[in-house]
Amino acid sequence: AQEFHWFRQPEALVEVARILKPGRRVAIMSNRRSMRDPLTLGYRQAILDVGGEIAEERMAFDPAVITRSGVFSPPERVAFPNAHRLDLDGLIGRARSASYVPKSGPEGERLLGLLRALHAAHAGADGFVTMIYETEVYRATKI
(Lines give C-alpha, C1' and ligand atoms only; values in the text may rest on other atoms or scores of the structure.)
Protein backbone atom coordinates (compact mmCIF):
# COMPACT_ATOMS: atom_id res chain seq x y z
CA ALA A 1 0.00 0.00 0.00
CA GLN A 2 2.84 2.40 0.84
CA GLU A 3 4.54 1.70 -2.49
CA PHE A 4 1.63 2.54 -4.77
CA HIS A 5 3.53 5.48 -6.29
CA TRP A 6 5.91 2.99 -7.97
CA PHE A 7 3.12 1.38 -10.01
CA ARG A 8 1.39 2.45 -13.21
CA GLN A 9 -1.60 3.41 -11.13
CA PRO A 10 -4.52 3.05 -13.58
CA GLU A 11 -3.37 -0.42 -14.62
CA ALA A 12 -2.64 -1.43 -11.02
CA LEU A 13 -6.14 -0.45 -9.91
CA VAL A 14 -7.71 -2.53 -12.68
CA GLU A 15 -5.61 -5.50 -11.56
CA VAL A 16 -6.57 -5.00 -7.90
CA ALA A 17 -10.23 -4.86 -8.91
CA ARG A 18 -9.82 -8.05 -10.94
CA ILE A 19 -8.91 -10.06 -7.85
CA LEU A 20 -11.38 -8.39 -5.45
CA LYS A 21 -14.94 -9.58 -5.07
CA PRO A 22 -17.64 -6.93 -5.62
CA GLY A 23 -18.15 -4.77 -2.57
CA ARG A 24 -14.62 -5.38 -1.25
CA ARG A 25 -12.28 -2.48 -0.58
CA VAL A 26 -8.89 -1.24 -1.59
CA ALA A 27 -6.80 0.89 0.79
CA ILE A 28 -3.87 2.96 -0.41
CA MET A 29 -1.73 4.56 2.25
CA SER A 30 1.17 6.91 2.48
CA ASN A 31 3.28 8.27 5.29
CA ARG A 32 4.11 11.94 4.87
CA ARG A 33 6.88 13.42 6.95
CA SER A 34 5.91 16.40 9.06
CA MET A 35 6.84 19.74 7.59
CA ARG A 36 6.71 21.40 11.03
CA ASP A 37 8.58 19.11 13.42
CA PRO A 38 12.24 20.21 13.78
CA LEU A 39 13.67 16.69 14.08
CA THR A 40 11.71 15.39 11.10
CA LEU A 41 12.68 18.42 9.01
CA GLY A 42 16.32 17.89 10.02
CA TYR A 43 16.12 14.23 9.01
CA ARG A 44 14.76 15.13 5.57
CA GLN A 45 17.43 17.81 5.15
CA ALA A 46 20.20 15.34 6.06
CA ILE A 47 18.99 13.00 3.32
CA LEU A 48 18.79 15.84 0.80
CA ASP A 49 22.27 17.06 1.79
CA VAL A 50 23.82 13.75 0.71
CA GLY A 51 21.92 13.55 -2.58
CA GLY A 52 19.16 11.25 -1.35
CA GLU A 53 15.42 11.36 -1.97
CA ILE A 54 14.36 10.91 -5.55
CA ALA A 55 11.43 12.57 -7.31
CA GLU A 56 9.11 9.58 -6.82
CA GLU A 57 9.43 9.96 -3.06
CA ARG A 58 8.16 13.54 -3.26
CA MET A 59 5.24 12.83 -5.59
CA ALA A 60 1.86 13.63 -4.11
CA PHE A 61 -0.77 10.95 -4.53
CA ASP A 62 -3.77 12.03 -6.61
CA PRO A 63 -6.77 10.14 -5.19
CA ALA A 64 -8.81 11.01 -8.30
CA VAL A 65 -6.96 8.19 -10.06
CA ILE A 66 -9.12 5.79 -8.04
CA THR A 67 -12.37 7.28 -9.30
CA ARG A 68 -11.05 7.60 -12.87
CA SER A 69 -10.28 3.87 -12.87
CA GLY A 70 -13.99 3.21 -13.29
CA VAL A 71 -13.76 0.13 -11.07
CA PHE A 72 -13.86 1.74 -7.62
CA SER A 73 -16.10 4.19 -5.83
CA PRO A 74 -14.76 7.66 -5.07
CA PRO A 75 -12.25 7.25 -2.24
CA GLU A 76 -12.69 8.41 1.30
CA ARG A 77 -9.64 9.83 3.07
CA VAL A 78 -8.71 9.21 6.66
CA ALA A 79 -5.56 10.61 8.24
CA PHE A 80 -3.91 10.24 11.59
CA PRO A 81 -0.63 11.16 13.25
CA ASN A 82 2.02 8.49 13.23
CA ALA A 83 4.98 8.97 15.57
CA HIS A 84 8.14 6.86 15.26
CA ARG A 85 10.24 6.68 18.42
CA LEU A 86 13.80 5.78 17.51
CA ASP A 87 17.10 5.39 19.29
CA LEU A 88 20.28 6.27 17.39
CA ASP A 89 20.54 2.84 15.74
CA GLY A 90 16.87 3.05 14.77
CA LEU A 91 17.30 6.51 13.24
CA ILE A 92 20.28 5.33 11.21
CA GLY A 93 18.50 2.13 10.25
CA ARG A 94 15.42 4.06 9.17
CA ALA A 95 17.48 6.23 6.85
CA ARG A 96 19.56 3.39 5.46
CA SER A 97 16.50 1.28 4.70
CA ALA A 98 15.49 3.75 1.97
CA SER A 99 16.60 2.73 -1.51
CA TYR A 100 17.55 6.30 -2.43
CA VAL A 101 19.96 6.93 0.48
CA PRO A 102 23.73 6.43 0.02
CA LYS A 103 24.90 3.56 2.21
CA SER A 104 28.64 3.71 1.63
CA GLY A 105 31.38 5.99 0.38
CA PRO A 106 31.86 9.61 1.37
CA GLU A 107 28.15 10.50 1.19
CA GLY A 108 27.17 7.44 3.23
CA GLU A 109 29.67 8.47 5.91
CA ARG A 110 28.50 12.06 5.77
CA LEU A 111 24.93 10.91 6.29
CA LEU A 112 25.95 8.94 9.38
CA GLY A 113 27.57 12.06 10.81
CA LEU A 114 24.53 14.20 10.07
CA LEU A 115 22.19 11.67 11.67
CA ARG A 116 24.37 11.32 14.77
CA ALA A 117 24.40 15.11 15.18
CA LEU A 118 20.65 15.30 14.64
CA HIS A 119 20.07 12.59 17.23
CA ALA A 120 22.36 14.31 19.74
CA ALA A 121 20.51 17.60 19.29
CA HIS A 122 17.01 16.14 19.73
CA ALA A 123 17.27 13.02 21.91
CA GLY A 124 15.53 12.96 25.23
CA ALA A 125 17.11 11.68 28.43
CA ASP A 126 16.04 8.16 27.40
CA GLY A 127 18.12 8.38 24.20
CA PHE A 128 15.11 8.40 21.88
CA VAL A 129 13.90 10.86 19.26
CA THR A 130 10.44 10.99 17.72
CA MET A 131 9.90 11.46 14.01
CA ILE A 132 6.45 12.72 13.11
CA TYR A 133 4.49 11.49 10.13
CA GLU A 134 0.93 11.88 8.98
CA THR A 135 -0.49 8.64 7.65
CA GLU A 136 -3.08 9.07 4.91
CA VAL A 137 -5.33 6.20 3.87
CA TYR A 138 -7.60 6.35 0.85
CA ARG A 139 -10.31 3.67 0.91
CA ALA A 140 -12.61 2.80 -1.96
CA THR A 141 -15.08 0.03 -2.72
CA LYS A 142 -15.02 -2.14 -5.82
CA ILE A 143 -18.01 -1.30 -8.00
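This is a predicted model, so every value here is computed, not measured.

**Q** So what about the overall build of the chain? Which residues, and what values?
**A** The helix and strand tally for the chain stands at six helices and three strands. Seen in sequence order, the chain has helices and strands lined up from the N terminus as α-β-α-α-α-β-α-α-β. Dimensions of the chain, computed from C-alpha atoms along their principal axes, come out at roughly 50 × 30 × 20 Å. Within the chain, the proportion of its 143 residues that are buried is 34%. In the chain, of all internal contacts separated by at least 6 residues, the share reaching a separation of at least 24 is 82%. Per element, the accessible surface of the chain, about 8300 Å² overall, is 56% carbon and sulfur.

**Q** Mind laying out the environment of S104, listing which residues take part and the relevant values?
**A** Along the polypeptide, S104 turns up in the loop between helix 5 (88-96) and helix 6 (105-122). By relative accessible area, which is 56% here, S104 ends up exposed. When the C-alpha positions of S104 and E3 are compared, they lie 25 Å apart, and in sequence the two are 101 residues distant.

**Q** Any details on the environment of T141? Residues and values, ideally.
**A** Relative to the elements of secondary structure, T141 occurs in strand 3 (residues 129-141). Considering only alpha carbons, one finds T141 and M35, 106 residues apart in sequence, at a separation of 31 Å. Setting aside anything within four residues of it in sequence, one finds T141 in contact with G23, R24, R25, V71, F72 and S73.

**Q** Give a detailed account of helix 1 (residues 9-19), specifying residues and quantitative values.
**A** If you check which residues of helix 1 are buried, you get Q9, A12, L13 and A17. The buried residues of helix 1 occupy an angular sector of 135° when the element is viewed end-on, so they sit on one face. In this structure, helix 1 carries R18 and I19 as exposed residues pointing more than 90 degrees from its buried face. On its buried face, helix 1 is in contact with strand 1 (25-33) and helix 4 (64-68).

**Q** So, the side chain of Q9: which residues are in play, and what are the values?
**A** Residue placement: Q9 occurs in helix 1. Leave out the neighbours within four places in its chain, and Q9 touches F4, F61 and V65.

Quick notes on the rules
Residues numbered from 1 in each chain as written. Predicted model: local features only at pLDDT ≥ 70, side-chain atom pairs only at ≥ 80, totals over all residues. Heavy atoms only, no water. Helix = DSSP H or I, 4+ residues; strand = E, 2+ residues; numbered from the N terminus. Buried < 20%, exposed > 50% of the residue type's maximum accessible area, 1.4 Å probe, protein only. Contact = heavy atoms within 4.5 Å. Areas by Shrake-Rupley, 256 points an atom, 1.4 Å probe, with all protein chains shown as cover. Arc of directions from axis to C-beta.

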